[in-house]
Amino acid sequence: MTLLQLHEPGETPLPHEGEQTAAIGIDLGTTNTVVAIADQGKPEVIRGEKGGALIPSVVAYAPGGRVEVGETARRRLLDAPETVVSSIKRLMGRGARDLKELSGSLPYDLAPDDGGMVRLTVSGKRLSPVEISADILRAAKARAEASLGRAVERAVITVPAYFDDAARTATRDAARLAGLDVLRLVNEPTAAALAYGLDKGVEGLYAVYDLGGGTFDISLLRLEKGVFQVLATGGDAALGGDDFDHAIAERFLEQRRAAGKLAAPASADAKMILMTARLAKECLTEKSDGTWSVELGGAVSRHALDVAALEKLIQPFVARTIAISAGVFDDAAVDPKSIQGVVLVGGSTRVPAVRRAVEQFFGMKPLSNINPDEVVALGAALQAEALTRGSDNLLLDVTPLSLGIETMGGIVEKVIERNTPIPVAKAQEFTTYQDGQAAMAIHVVQGERETVDQCRSLARFELRGIPPMVAGAARVRVTFTVDADGLLTVAAREGSTGVEQRVEVKPSYGLAEDEMARMLRESIEHGRADMERRLLIEARVEAKRSLLALDAALKKDRLLLDAAEYAAIEAEIGRVNAAMSGEDRDAINGAVQALERAVTPFAQRRMDKAFAEALSGRSLDSVAERMEAGAKKKAS
């Protein structure tokens, strides 16, 4: 007989307890990566030999196959920039086709397009963002192991709240390559709130404004009795400090062109210019002006820049963050000035212009008493401890974009609306369109628009084995499941047979964030037009359904009509087809109603015929007796 040992909540020993492994939290950033660990609810950043917390997210692929990460890689920008890759997070989950319009402005040499995930050519190698990110994660893992003196195999890794399914999957794959088991992917704003909430014991509504090197997130959270619930989230996975750097670099290049120094930068030169621009931005965070040198093609130029000029350059990007923030508060129906506090996250929030804009929008000074570069990693470490040793705290995130399937006519039927708390599972029933239909194509899409061509395709699969039935009789239950990491699984099941098919949605690359932001913006701007288009498509679908049903009836009972009646119905069918080819929904509905009036006598004769066939060979008395017996049975 086995005895059960009971423990208080949060004190249950786990199967791995006692092993010499640790779970860490990693903030895999665009500009810098930070690793932390928590013990008894107290998180601490793991620092390098020189005491620094930041690992620059820069990788150098030196000759001979040697890989360098961090400060040593960043120093290689000075003498061998062609071997160095930075800001790779911006390319996570993105495909080669997504970057065609960007290839001229990216400081990378892109490998030939193979139709899948984008790849870079570095030191003669073709490398994906997943492989490069894995090298950064290996460096974080090595730092933790050196500090802790034991193996590290598990981690909680943070991602932007607006990372789509493909980018999250790519992050998991990178961790797997680095030898890390991902306990959970946590949204960066949620991790920051976790660090603040547990550190200060605060409750109420808080906003987390997260502006990093390559991504922006804004989340509204309710903190109450250990529950961290995300009410709404928004963001832009291609907006951050890198855009500030690009704006400064473009100004320097324009000044060179105006001075007659026309050398166009190669990708290696572009990296040098961006590094100089980043240095200028960082210096102007504390100084009022400065002068920087740029060398291209042997020609050196000097460029002066002051705070006023910098703020004018970056103003459009800062304004975008505020516009996105306003949209999130509109979604949640909350006044920005009614929250208890706003938390700043990300190195780009050190820019004075950003802080002023945040303070003006929220009507209060933002909280910044935890280092904005470190707070996300601290929250990730707390969640890693909670998942391995237990915790009384609960994280409730949301899905950033709606998920649904394509229905007849290319219409999107949303199954999970955006800003739905996750993990979540929702199901909806669908049916067949044609008589005898034995299979159903399931097309999974993501976005806010009403039609498939305006949303993003995620996956397609088929449910086969549906028993032949009349149209509309089959019942196919489609279930969408989004796990705590924000990853989607879709299942379809036919009710009468139990036939089922499921797919884990793993696209080869994900949504470009400008596409995400466009989806949300256009869903508002074009809401009325979208609904009118949907109603037009529905009218066409209903008209087509009526024509199919009539065609089947005519094939079976054409002889119930004389020549004149048949000709009249044919004429009405022609009018319906003509209306369907147009854009007037009222004309389609009117033509269908006229057709229904024309076929009413035909429908009555078919009913009479069916009734007569049912009574064939029976007396009226026997029919009456059967009806009376049925009524008595029903009453009993």
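Everything in this summary refers to the structure shown in the same document.

Each value, and the rule that gives it
- Residues numbered from 1 in each chain as written.
- Predicted model: local features only at pLDDT ≥ 70, side-chain atom pairs only at ≥ 80, totals over all residues.
- Heavy atoms only, no water.
- Helix = DSSP H or I, 4+ residues; strand = E, 2+ residues; numbered from the N terminus.
- Buried < 20%, exposed > 50% of the residue type's maximum accessible area, 1.4 Å probe, protein only.
- Contact = heavy atoms within 4.5 Å.
- Areas by Shrake-Rupley, 256 points an atom, 1.4 Å probe, with all protein chains shown as cover.
- Phe/Tyr/Trp six-rings, centres within 6.5 Å; stacked < 30°, edge-to-face > 60°.
- Lys NZ or Arg CZ within 6 Å of the ring centre and 35° of its normal.
- Pairing = 2+ DSSP bridges.
- Axes fitted to C-alpha atoms, helices over the stretch in contact; angles between N-to-C directions.
- Parallel < 35°, antiparallel > 145°, perpendicular 65-115°, else oblique.
- Left-handed = near helix turned anticlockwise from the far one by under 90°.
- Nonpolar A, V, L, I, M, F, W, Y, C, P; charged D, E, K, R; others polar.

### Points about the overall build of the protein chain
Logical step 1: Scanning the protein chain from terminus to terminus reveals 14 helices and 27 strands.
Logical step 2: The buried share among the 636 residues of the protein chain stands at 49%.
Logical step 3: In the protein chain, of all internal contacts separated by at least 6 residues, the share reaching a separation of at least 24 is 67%.
Logical step 4: Here the protein chain displays about 30100 Å² of accessible surface, and carbon together with sulfur accounts for 51% of that area.

### Things to note about the packing of aromatic side chains
Logical step 1: The full count for this structure, using the stated rule, is 5 aromatic pairs.
Logical step 2: With a centroid separation of 6.2 Å and 70 degrees between ring planes, the pair formed by Phe329 and Phe361 is classed as edge-to-face. One end of the pair, Phe329, is in helix α7 (residues 307-332); the other, Phe361, is in helix α8 (residues 352-362), and 32 residues separate them in sequence.
Logical step 3: The buried category is assigned to Phe329, whose relative accessible area is 2%.
Logical step 4: The interplanar angle of 85 degrees and the centroid separation of 4.8 Å between the aromatic rings of Phe361 and Phe362 together place this pair among those described as edge-to-face. Phe362 carries the same exposure label as Phe361, and that label is buried.
Logical step 5: Positioned above the aromatic ring of Tyr566 is the side chain of Arg558, whose terminal nitrogen or guanidinium carbon lies 3.9 Å from the ring centre.

### Notes on the sheet that holds strand β5 (residues 58-61)
Logical step 1: Strand order in the open sheet made by the 3 strands is β6-β5-β7, with antiparallel pairing throughout. This sheet does not close on itself; its edge strands, each paired only once, are β6 (67-69) and β7 (84-86). The mean inter-strand angle of the sheet, taken between neighbouring strand axes irrespective of direction, is 20 degrees.
Logical step 2: Pairing of β5 with β6 involves 3 bridges; the strand directions are antiparallel.

### Notes on the packing of helix α2 (residues 129-148) against helix α3 (residues 165-177)
Logical step 1: At a minimum axis distance of 8 Å, the contact between α2 and α3 shows a crossing angle of 55 degrees. Classed by the angle they form, the pair α2 and α3 counts as oblique. Helix-helix and strand crossings are classified by hand; for α2 and α3 the assignment is right-handed. From α2, Val130, Glu131, Ser133, Ala134, Leu137 and Arg138 reach across to α3, where they touch Ala170, Asp173, Ala174, Ala175 and Leu177.
Logical step 2: In terms of residue class, the contact of α2 with α3 is made up of 7 nonpolar, 1 polar and 3 charged.

### What about the side chain of Lys89?
Logical step 1: The residue Lys89 is located in the loop between β7 and β8 (120-122) in this model.
Logical step 2: The exposure class assigned to Lys89 is buried, which follows from its relative accessible area of 8%.

### What to know about unusual backbone geometry
Logical step 1: In this structure, Gln40 is a non-glycine residue whose phi angle is positive, near 55 degrees.
Logical step 2: Locating Gln40 in the fold gives a position in the loop between β2 (32-39) and β3 (42-45).
Logical step 3: You will see that Ala333, though not glycine, has its phi angle at about 55 degrees, which is positive.
Logical step 4: Looking at where Ala333 falls in the secondary structure, it is placed in the loop between α7 and β17 (341-345).
Logical step 5: For Ala333, a relative accessible area of 71% translates into the label exposed.

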